[in-house]
Amino acid sequence: MSKFLYIASIIVLVTACSKVTKTKRKLTGEWTVLSYKFTNINGLSYFYEPFTSKFKFGDCPEEQCDYSFFMQYENQGNTVDFNQSGYYEFVENNGEYFELYRNNGMGGVDTIHKARIILITKDDLKAEFGDGNGRHVFIMQK
């Protein structure tokens, strides 16, 4: 019986690792944000269509992967720049939840826990993360 459990655990590990690898492969590259939803800490949601954006996920064989993000959208007649970079790593073997380590502009790094990939195909991506300002949801396309 223990031989069966050993083989079953190896199969589970190989399958789990392959999910993260497949997700990284799909994620790698440049994405354009089609829509952006921001929900503030009071629960009010705002929807934006960026007029320029580039979300880039680096190709990484290691656990930590680089990312950079630039987006501009209009909010009440003003242009808002949403700009960040850093690295990310998956925290679960299913390729859904990851941590973002965002450069904070003061030489340090802010950690964003439980960022999530809601949907990913080779050309479409829906992802979300929360920070001190609220919840950010992005629908993107390659």
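Note that this is a predicted model, so its numbers are computed, not measured.

> How would you explain the nonpolar core if you had to name every residue and give the values?
Ranked by size, the top nonpolar core spans 29 residues in total, and within it Y36, Y88, L125 and F138 carry the most contacts. It is strand β4 (residues 65–75) that contributes the most residues to this core, five residues altogether. The residues contacting Y36, other than those within four sequence positions of it, are Y46, F47, Y48, P50, M71, Y73, F82, H136, V137 and F138.

> Hey, could you go over unusual backbone geometry for me, with residue numbers and the actual values?
Positioned with a positive phi, Q76 is a non-glycine residue whose angle comes to about 55 degrees. Its location among the elements puts Q76 in the loop between β4 and β5 (78–90). On the basis of relative accessibility, which here comes to 76%, the residue Q76 falls in the exposed class. Phi is positive for K114, close to 60 degrees, though the residue is something other than glycine. Among the residues examined, K114 registers a relative accessible area of 44% and is labelled partly exposed.

Here is what the cut-offs are and how they apply
- Residues numbered from 1 in each chain as written.
- Predicted model: local features only at pLDDT ≥ 70, side-chain atom pairs only at ≥ 80, totals over all residues.
- Heavy atoms only, no water.
- Core = buried A, V, L, I, M, F, W, Y, C linked by side-chain atoms within 4.5 Å.
- Buried < 20%, exposed > 50% of the residue type's maximum accessible area, 1.4 Å probe, protein only.
- Helix = DSSP H or I, 4+ residues; strand = E, 2+ residues; numbered from the N terminus.
- Contact = heavy atoms within 4.5 Å.

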